[in-house]
Amino acid sequence: GVALAKDSAAASVMAGHAEITMAWQDDITGIWCLARPDTFDFSGVITDYKKMNAGGHPFNTFLVDRRIEGNGYDMQLGFASTGFEILTGHWPSAAGIIAQEDEPPFSVILRGIDEEDLRIGAFRNRRALNRFAECLASGHWPGPGEHVAMFQRSKGGRERLLEEMNTEGVA
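Residues numbered from 1 in each chain as written. Predicted model: local features only at pLDDT ≥ 70, side-chain atom pairs only at ≥ 80, totals over all residues. Heavy atoms only, no water.

Asker: Give a detailed account of the overall build of the chain, specifying residues and quantitative values.
Answerer: Secondary structure summary: the chain contains 6 helices and 7 strands in total. Taken from N to C terminus, the helices and strands of the chain fall in the order α-α-β-β-β-β-β-α-α-β-β-α-α. Here the C-alpha radius of gyration of the chain, 20 Å, is well above what a compact globule of 171 residues would show, namely 16 Å. The dimensions of the chain, computed from C-alpha atoms along their principal axes, are 60 × 50 × 25 Å. Counting the 171 residues in the chain, one finds 31% classified as buried. Partitioning the intrachain contacts of the chain with sequence separation of at least 6 by distance along the chain shows that 59% fall at a separation of at least 24. In the structure as shown, the chain presents an accessible area of about 10,900 Å², 55% of it carried by carbon and sulfur atoms. Once the 16 positive and 24 negative side-chain charges of the chain are each reduced to a mean point, those two points are 4 Å apart. (Helix = DSSP H or I, 4+ residues; strand = E, 2+ residues; numbered from the N terminus. Rg over C-alpha atoms; globule rule 2.2 N^0.38 Å. Buried < 20%, exposed > 50% of the residue type's maximum accessible area, 1.4 Å probe, protein only. Contact = heavy atoms within 4.5 Å. Areas by Shrake-Rupley, 256 points an atom, 1.4 Å probe, with all protein chains shown as cover. Lys, Arg positive; Asp, Glu negative; His and termini not counted. Charge placed at Lys NZ, Arg CZ, Asp CG, Glu CD.)

Structure (structure tokens):
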């Protein structure tokens, strides 16, 4: 907490209202939605604090960006932004993650998420909310193995392995 409080940029963006739940009923599905960002203010700044373990990797912007994408923090802030817009009539002016390393020196990295990426998160949330409504209406909740599909290697992994096979003359 001391390191976080000493970071003037983090303290500035976290100066809004803390842990206030935004609630609204979705116009399309009728489902009640709740978003609770760590801070927001009525000028439109929304933040969420994330303590991060670097797992032996450098604690830097690349790690934070991977965590934002991998953990869906863009969706989380996109959901809060949607709620903010519904409740106030305007889209937030800024939204982002306050990431803090969980080991000394407890460094802090702020990562704003631009409106386009928040809207992409909001699109994914809309799709999930519609799917949830379908499952709720039908009573059918598909499991992870319900749809059979082919394995999909990552594009980068595929290219690396094909290059290795070419190098060894077995491709």
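Asker: Account for the side chain of Thr-39, naming residues and giving values.
Answerer: The topology assignment puts Thr-39 in strand 4 (residues 39-40). Every residue in contact with Thr-39, bar those within four places of it in the chain, is listed here: Val-13, Met-14, His-17, Ala-18, Val-45, Ile-46 and Thr-47.

Asker: Got a sec to walk through the pattern of salt bridges? Specific residues and values, please.
Answerer: The tally for this structure, following the rule as stated, stands at 8 salt bridges. The salt bridge involving Arg-131 is made with Glu-134; its shortest N-O contact spans 3.5 Å. In this pair, Arg-131 and Glu-134 both sit in helix 5 (residues 115-138), 3 residues apart, roughly one turn of the helix. Looking at Arg-131, the relative accessible area reads 39%, which means it is partly exposed. Note that Arg-160 is salt-bridged to Glu-164, the shortest N-O span being 3.2 Å. (Salt bridge = Lys/Arg side-chain N within 4 Å of Asp/Glu carboxyl O.)

Asker: Mind laying out the sheet that holds strand 4, listing which residues take part and the relevant values?
Answerer: With mixed pairing, 5 strands are arranged side by side in an open sheet as 1-4-5-6-7. The two strands at the open ends of the sheet, each matched to only one other strand, are strand 1 (17-18) and strand 7 (108-112). Pairing between strand 5 (residues 45-52) and strand 6 (residues 94-101): 8 bridges, direction parallel. Looking across to strand 6, one finds that Met-52 is bridged to Glu-101. Against the sheet, helix 4 (residues 73-88) contacts strand 4, strand 5 and strand 6, and its axis sits at roughly 155 degrees relative to strand 5. (Pairing = 2+ DSSP bridges. Axes fitted to C-alpha atoms, helices over the stretch in contact; angles between N-to-C directions.)

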